[in-house]
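# Residue-level structural notes
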Amino acid sequence: MSLSKFEEMLKTNDVYFFDTTEFEEIIHYYLDDGNTSMAKKAVYLALEQHPDSADIKLIQAEIMVFEDKLTEARLLLDNLLAIYPYNDEVYIQIANLLSKDDKHKEAIDFLVKAKEYTDDLADVSALLGMEYLYLDDYEKSREHFSVCLDFDIEDYQALYNIIYCFEMESCHIEAITFLEDYINKNPYCEVAWHQLGRQYFVLKDYKRALKAFDYAVVIDEAFIGGYVEKAKTLEKLDRYDEAIENYQITLELDDPTAFAYLQIGECYKKKNNATKAIYYYKKALHEDPLLDKGWMLLAIVCNEEKAYDKALHYLNKAIALDETNVIYWRYNGEINLRLKFYEEAAEAFEKCIELDDSGVDVWITLSDIWIFTGDFFRALNVLVRAKKQHHNFAEIEYRLGCIFFITDQKKEAYLHLKTALSLDYEYHLVMQELYPTVFEDLKVKRMVLNFLEN
């Protein structure tokens, strides 16, 4: 009634009287609805009728903070503090302002003061917990969120925050102890069982994790998060059929998700059922065509089935969605090599180097591509660049020696081959298979024998 009466007043320009409680309800309605301009209009009219209302001015300050008018808000709140030094809400609002300005230690001081005057200790404790969380003081943060649980054992946000604090310190054993104590007090809390399972999962104690997730979904048969974690745990235990069943339950409980379809596909892949894996990967991509991981997984299974053209097609879709993913470019290079698309393969490995994936194997593969195609100049260029980054690697030195030999630069060839033999004598057997003419050279033969004798 108050809201319709207020909106009618705005339309007709008549003046109706509202008490402060009515105005507060109207303002909060607009704020909850995201209509800040109407909320500000209501504040303005409220202060015209109730110019001394601390509650309305507090809401006004809250709006100022929301709009980043921190200086104006602080001035208003300091005036209110001078008039109402025992009003906990004033301290809370100042703390909120300071927190938004990243002054968390000062915010804590005001919240500690608010605790002296508040009737809602849990609310202030929650705010203190958050401020200590911003400061990465996880122990004190836990202490304050624990106060919230003392007032309301089903304050699940406080419970989540406490577990988050344990996790940030990698204190999973301590988290388990805390959760077991909590479950003793509140045994039918699916959230606590779910969190307990997650701690065991991190510790790779999958049997205990599974037991905890089982309890979570027994307590709440519609707990999607519980089924997801249970399915992930069953995967770790190689129980793929059961994992699939649990992912299927999540699809029945809510709208289908790309994640669930993708995981079902992964389970079928681990069961060596490529047909069904591909079917579910495609269903995942139907739900989310921008899921680059889905295209990549499709490429992998097609590659394993030797359907290289399809694999390359899907992989290129993944790369189009994430051009900086080195794994995708490596795989692209490997598939192009299988398809004998040497230029494209070289381009892919060059991209890997550009993206800082420049291990010796990438350089060697790239140089081998150019050697195979007979482009010794490019191969030499690649190996010279590789040597600047990777000193004293036999794989590089042998190839430099062989290319110099093939291009009739014997002096340089012998120098590099000598260095290569000193770095890794046994590797010459690999190179002998690749470049038999080089190792048939009498001087190279003598060099190899001298190293064998020494």
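Definitions and limits used
Residues numbered from 1 in each chain as written. Predicted model: local features only at pLDDT ≥ 70, side-chain atom pairs only at ≥ 80, totals over all residues. Heavy atoms only, no water. pLDDT = per-residue confidence, 0-100. Helix = DSSP H or I, 4+ residues; strand = E, 2+ residues; numbered from the N terminus. Polar contact = N/O pair within 3.5 Å; in protein donor to acceptor, adjacent residues only side chain to side chain. Contact = heavy atoms within 4.5 Å. Buried < 20%, exposed > 50% of the residue type's maximum accessible area, 1.4 Å probe, protein only. Phe/Tyr/Trp six-rings, centres within 6.5 Å; stacked < 30°, edge-to-face > 60°. Core = buried A, V, L, I, M, F, W, Y, C linked by side-chain atoms within 4.5 Å.

## A look at the confidence of the model for the protein
- Looking at the protein as a whole, its pLDDT mean stands at 91, while 99% of the residues score no less than 70.
- Across the protein, the element-wise mean pLDDT spans from 74 in helix α1 (residues 2-12) up to 98 in helix α13 (residues 206-219).

## Notes on the side chain of Asn-332
- With respect to the helices and strands, Asn-332 occurs in helix α20 (residues 326-338).
- Of note is the side chain of Asn-332, whose polar atom sits 2.8 Å from the side chain of Asn-336.
- Not counting residues within four places of it along the chain, the set of residues in contact with Asn-332 comprises Leu-312, Leu-315, Asn-316, Ile-319, Glu-344 and Ala-348.

## Here's the deal with the side chain of Asp-357
- Inspection of the secondary structure puts Asp-357 in the loop between α21 (342-354) and α22 (360-372).
- Polar contacts involving the side chain of Asp-357 include one to the side chain of Arg-330, which spans 2.6 Å.
- With near-sequence residues (within four places) excluded, Asp-357 lies in contact with Val-326, Arg-330, Cys-352 and Val-362.

## Quick look at the environment of Leu-383
- Checked against the element boundaries, Leu-383 lands in helix α23 (residues 376-389).
- Leu-383 gets classed as buried once you look at its relative accessible area, which sits at 0%.
- Separated by 19 residues in sequence, Leu-383 and Ile-364 have C-alpha atoms that sit 7.6 Å apart.
- Look past the residues within four positions of Leu-383 in its chain and what remains in contact with it is Ile-364, Ser-367, Ile-396, Arg-399, Leu-400 and Ile-403.

## Topic: the packing of aromatic side chains
- Scanning the model with the defined rule gives 13 aromatic pairs in all.
- Here Tyr-279 and Tyr-280 contribute two aromatic rings whose centre-to-centre distance is 5.0 Å and whose plane-to-plane angle is 85°, an arrangement assigned as edge-to-face.
- In this structure Tyr-279 comes out as partly exposed when scored by relative accessible area, which is 45%.
- Ring centres 5.2 Å apart and planes at 50° place the aromatic pair Tyr-342 and Phe-372 in the tilted group. Linking Tyr-342 in helix α21 with Phe-372 in helix α22, this pair joins segments that are 30 residues apart in sequence.
- By relative accessible area, which is 60% here, Phe-372 ends up exposed.
- Ring-pair connections join several aromatic residues into one group, and the members of that group are Tyr-86, Tyr-91, Phe-110 and Tyr-117.

## Quick look at the nonpolar core
- The biggest cluster of nonpolar side chains holds 84 residues, and the ones touching the most others in it are Leu-315, Tyr-398 and Phe-439.
- Every residue in contact with Leu-315, bar those within four places of it in the chain, is listed here: Met-296, Ala-299, Tyr-328, Tyr-331, Asn-332 and Ile-335.
- Residues Ala-175, Ile-183, Tyr-206 and Phe-223 belong to the second largest nonpolar core, which totals 28 residues.

## Here's the deal with unusual backbone geometry
- Despite not being glycine, Lys-204 shows a phi value in the positive range, around 65°.
- With respect to the helices and strands, the residue Lys-204 is situated in the loop between α12 (190-202) and α13.
- We classify Lys-204 as exposed; its relative accessible area is 63%.
- Phi at Asp-356 takes a positive value of approximately 70°, unusual for a residue other than glycine.

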